[in-house]
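Summary of the model geometry
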Amino acid sequence: MNHQKYDIAIIGGGLAGLSFSILAADAGYSVVLFEKENYPFHKVCGEYISFESFGFLRRMGVPLDEMNLPVIKKLQLSDVKGNNYFFKLPLGGFGISRYTLDNTLYHIALQKGVTVFTDSKITDLSFKDDTHIVETNNSTFFSRIAVAAYGKRSNVDIKWKRKFVQEKPDKLNNYIGVKYHIRYSHLTDTVALHNFQNGYCGISNIEEDKCCLCYLTTAENLKANNNSVQQMEKLLLQKNPFLNQIFIHAEFLYNSPLVISQISFTKKTQIENHVLLIGDAAGMITPLCGNGMSMAMHAAKIAFENAHYFLKQKINRAQLEERYAQQWNAAFKKRLFTGRIVQRFFGNNSTTSLFLKVMHTMPAVANKIIELTHGSSF
């Protein structure tokens, strides 16, 4: 069995993990990253990124200025019946697929010297004698720092018996996500969120004149429709006239939708077994806020800066963990709380309509809610 040593081991090669790996490689550290898929690949994701992360991506080497990406300045919201409202996005954002962005970051990481194992599943992640031990099917790796960036949940979460994995299903922890890429005549500068019973569906433009169509709903909705995504879309989503037009007239570019389950928006910890958790592994903001991708990259930056101090022996491990958790909460706690509150108003005939009417008639309230779900450049 192979035994290999690195300064940093990262489990998960999405935006958070890849960003951390690039920052670490730029600082001269030896880095190994494990990803269960093979690049490039699609992910269930809304694919709208707020401009807070634009400069960060450019500094990492992503040629955003050359990609001719759609700039998004407006938010369109409709209730279950199709009553329609528009709002300005003061910060705004841009559209890019995870297929393109993750693959670009992957190649940058390789160029920087990051060792990447794709199609690789972690069987165990432990800590002993001030060292992290990462085990795969045929190798064992040792590192001073371990970072978990594996997404919404993994077999590691179950082994660690993390609290959110053991909670009973409720309004914040039992969702499914479904995503398509489509061609459709959608307003290029607008991200739209259309409500339906117990769910909402977003659409926004991405590269190559395509749109990302992604929706979130309860597992109960799918179960009530014989676990058929197509039946659920026809009987529930298409009751909203905007969604009805999309599903009738759009050209769907996937052979079948991407579907993920067991999505949870309940609180999570940022440290487990001395491992730094970043991205969705540390906490998820509801998709209607549209900032999960920016938060993932920002968390990677915060985590790396503290890991750097630790590896340079400026702080000890206890200080590393305390500082990271404190800084993570300072950056994201209010955004997550706001997202959970707003989430409860969406996907319901009466509460969604009332909420949108209040936002429409009280622009100051709407602007404040939008502001609370966005960060600043990092």
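Below you will find a few notes about this structure. Just so we're clear, the structure is a prediction, and the values are computed from it rather than from any experiment. Residue numbers restart at each chain and count upward from 1, following the sequence in its written direction. For this predicted model, a pLDDT threshold of at least 70 governs which residues receive local features, and a threshold of 80 or more governs which side-chain atom pairs are given and counted, while totals over whole chains, interfaces and linings are taken from all residues. The basis for every side-chain value is the complete set of non-hydrogen atoms in the structure, without hydrogens or water.

1. Structural notes on the overall build of the protein chain
In this description a helix means any DSSP run of H or I spanning at least four residues, a strand means any run of E spanning at least two, and both kinds are numbered starting from the N terminus. From N to C terminus, the protein chain includes twelve helices and 17 strands. Each radius of gyration is computed over the set of C-alpha atoms, and the globule rule expresses the reference value as 2.2 Å times the number of residues to the power 0.38. Radius of gyration (C-alpha) of the protein chain: 20 Å, near the 21 Å computed for a compact globule of 378 residues. Projected onto its principal axes, the C-alpha coordinates of the protein chain cover approximately 60 × 45 × 35 Å. Note on exposure labels: buried denotes an accessible area under 20% of the residue type's maximum, exposed denotes more than 50%, and partly exposed covers the range between, all computed with a 1.4 Å probe on protein chains only. Classification of the 378 residues of the protein chain by burial places 56% in the buried group.

2. Focus: unusual backbone geometry
Omega for the peptide link from Tyr-39 to Pro-40 comes to -10 degrees, which places this bond in the cis form. The residue Asp-119 is not glycine, and still its phi comes out positive at about 50 degrees. Its place among the elements puts Asp-119 in the loop between strand E6 (115–117) and strand E7 (124–128).

3. Quick notes on the side chain of Ser-139
Along the polypeptide, Ser-139 turns up in strand E9 (residues 139–148). Of the residues examined, Ser-139 reaches a relative accessible area of 7% and is grouped as buried. Think of a polar contact as two N or O atoms within 3.5 Å of one another; within protein, one of them needs to be a possible hydrogen donor and the other a possible acceptor, and neighboring residues in sequence only count if both atoms come from side chains. There is a polar contact of 3.4 Å between the side chain of Ser-139 and the side chain of Asn-138.

4. With respect to empty space enclosed by the protein
In this analysis the probe radius is 1.4 Å and the grid spacing 1 Å, with only protein atoms considered; a cavity is a set of points the probe fits into but cannot get out of, a pocket is an open set with protein on both sides within 12 Å along at least five of seven lines, and lining residues have an atom within 4 Å of a point. Grid points are joined across faces, edges and corners, and a volume is the space filled by probe spheres set on the points. Within the structure shown, the criterion is met by one cavity of 30 Å³ or more. Put simply, the largest cavity is a space of about 50 Å³. In terms of lining, the largest cavity is formed by Gly-279, Asp-280, Gly-283, Met-284, Ile-285, Gly-292, Met-295, Ala-296, Ala-299, Trp-328 and Phe-332. Among the secondary structure elements, those contributing two or more residues to the lining of the largest cavity are helix H9 (292–311) and helix H10 (317–343).

5. Notes on helix H12 (residues 363–372)
Along H12, the residues that are buried comprise Ala-366, Ile-369 and Ile-370. Along H12, the residues classed as buried sweep out an arc of 100 degrees about the axis, all on the same side. The directions from the helix axis to the C-beta atoms are what the arc is built from.

6. Section: the nonpolar core
We call a set of buried residues a nonpolar core when its members are Ala, Val, Leu, Ile, Met, Phe, Trp, Tyr or Cys and they connect through side-chain atoms within 4.5 Å of each other. One finds Ile-8, Phe-20, Leu-57, Leu-105, Ile-145, Ile-278 and Tyr-324 to be the most contacted residues of the largest nonpolar core, which totals 77 residues. The element best represented in this core is H9, accounting for twelve residues. Contacts are assigned to residue pairs that have any heavy atoms within 4.5 Å of one another. Leaving out residues up to four positions away in the same chain, Phe-20 has contacts with Ile-8, Ile-10, Val-147, Ile-278, Ala-300, Ala-303, Phe-304 and Ala-307.

7. Things to note about the pattern of salt bridges
Side-chain pairing between opposite charges can occur once the charged atoms of the two side chains come close. The rule for a salt bridge is simple: a side-chain nitrogen of Lys or Arg has to be within 4 Å of a carboxyl oxygen of Asp or Glu. Taken as a whole and assessed by the stated rule, the structure comprises 13 salt bridges. A salt bridge links Arg-98 to Asp-102, with the shortest nitrogen-to-oxygen separation between them at 2.8 Å. On the criterion of helical spacing, the pair formed by Arg-98 and Asp-102 is a turn pair, its members being four residues apart in helix H3 (residues 98–111). Among the residues examined, Asp-102 registers a relative accessible area of 2% and is labelled buried. Between Lys-159 and Asp-124 there is a salt bridge; the shortest N-O distance is 3.9 Å. Placement of the pair is Lys-159 in helix H4 (residues 155–160) and Asp-124 in strand E7, with a sequence separation of 35 residues. Of the residues examined, Lys-159 reaches a relative accessible area of 51% and is grouped as exposed. The exposure class assigned to Asp-124 is partly exposed, which follows from its relative accessible area of 26%.

8. Side note on the pairing of strand E10 (residues 175–183)
Where burial is concerned, most of E10 is hidden: eight out of the nine residues are buried. When DSSP finds at least two bridges between two strands, those strands are taken to pair. Where E10 meets strand E13 (residues 211–218), eight bridges bridge the pair, whose relative direction is antiparallel. Bridging from a neighbouring strand, Ile-176 pairs with Thr-217 of E13. Of the pairings in the sheet, the one linking E10 to strand E15 (residues 258–263) comprises four bridges and is antiparallel in character. Looking at the pairing, Val-178 lines up with Val-259 of E15.

9. Some words on the packing of H9 against H10
All axes are obtained by fitting lines to C-alpha atoms, using only the stretch in contact for helices, and the reported angles, taken between N-to-C directions, cover 0 to 180 degrees. Direction vectors running N to C along H9 and H10 enclose 160 degrees, while the axes themselves pass 9 Å from each other. Overall, the two elements H9 and H10 adopt an arrangement that is roughly antiparallel. The handedness of the crossing between H9 and H10 comes out as right-handed. Taken together, the residues of H10 that come into contact with H9 (itself represented by Met-295, His-298, Ala-299, Ile-302, Ala-303, Asn-306, Ala-307, Tyr-309 and Phe-310) are Arg-317, Leu-320, Arg-323, Tyr-324, Gln-327, Trp-328, Ala-331, Phe-332, Arg-335 and Leu-336. Counted by class, the contact of H9 with H10 contains 13 nonpolar, three polar and three charged residues. Throughout, the term roughly parallel applies to angles under 35 degrees, roughly antiparallel to angles over 145, roughly perpendicular to angles from 65 to 115, and oblique to all others. In this scheme the handedness of a crossing depends on how the near helix is turned from the far one: anticlockwise by less than a right angle means left-handed, clockwise means right-handed. Note on residue categories: nonpolar means Ala, Val, Leu, Ile, Met, Phe, Trp, Tyr, Cys or Pro, charged means Asp, Glu, Lys or Arg, and polar means any other residue, Gly included.

10. Concerning a nonpolar patch on the surface
Think of a patch as exposed residues, more than 30% relative accessible area, with no salt bridge, where like charges cluster within 9 Å and nonpolar side chains (Val, Leu, Ile, Met, Phe, Trp, Tyr) cluster within 5 Å. Each accessible area is a Shrake-Rupley estimate made with a 1.4 Å probe; only the visible protein chains count as cover when residues are assessed. A contiguous nonpolar surface patch, about 310 Å² in accessible area, is contributed by Leu-354, Val-358, Met-362 and Val-365. Summarising the element assignment, Leu-354 is placed in helix H11 (residues 349–361). For Leu-354, a relative accessible area of 56% translates into the label exposed.

11. Some words on the state of the cysteines
As used here, a disulfide is simply a covalent bond connecting the sulfur atoms of two cysteines. In plain terms, two cysteine sulfur atoms within 2.5 Å form what is called a disulfide here. Tallied over the entire structure, the rule returns zero disulfides. Cysteine Cys-201 remains unbridged, with the sulfur of Cys-214 as its closest cysteine sulfur at 7.5 Å. For Cys-201, a relative accessible area of 0% puts it in the buried group. Lacking any disulfide linkage, Cys-211 is separated from the closest cysteine sulfur, that of Cys-212, by 8.7 Å.

These results come straight from atomic positions and should not be treated as a statement about function.
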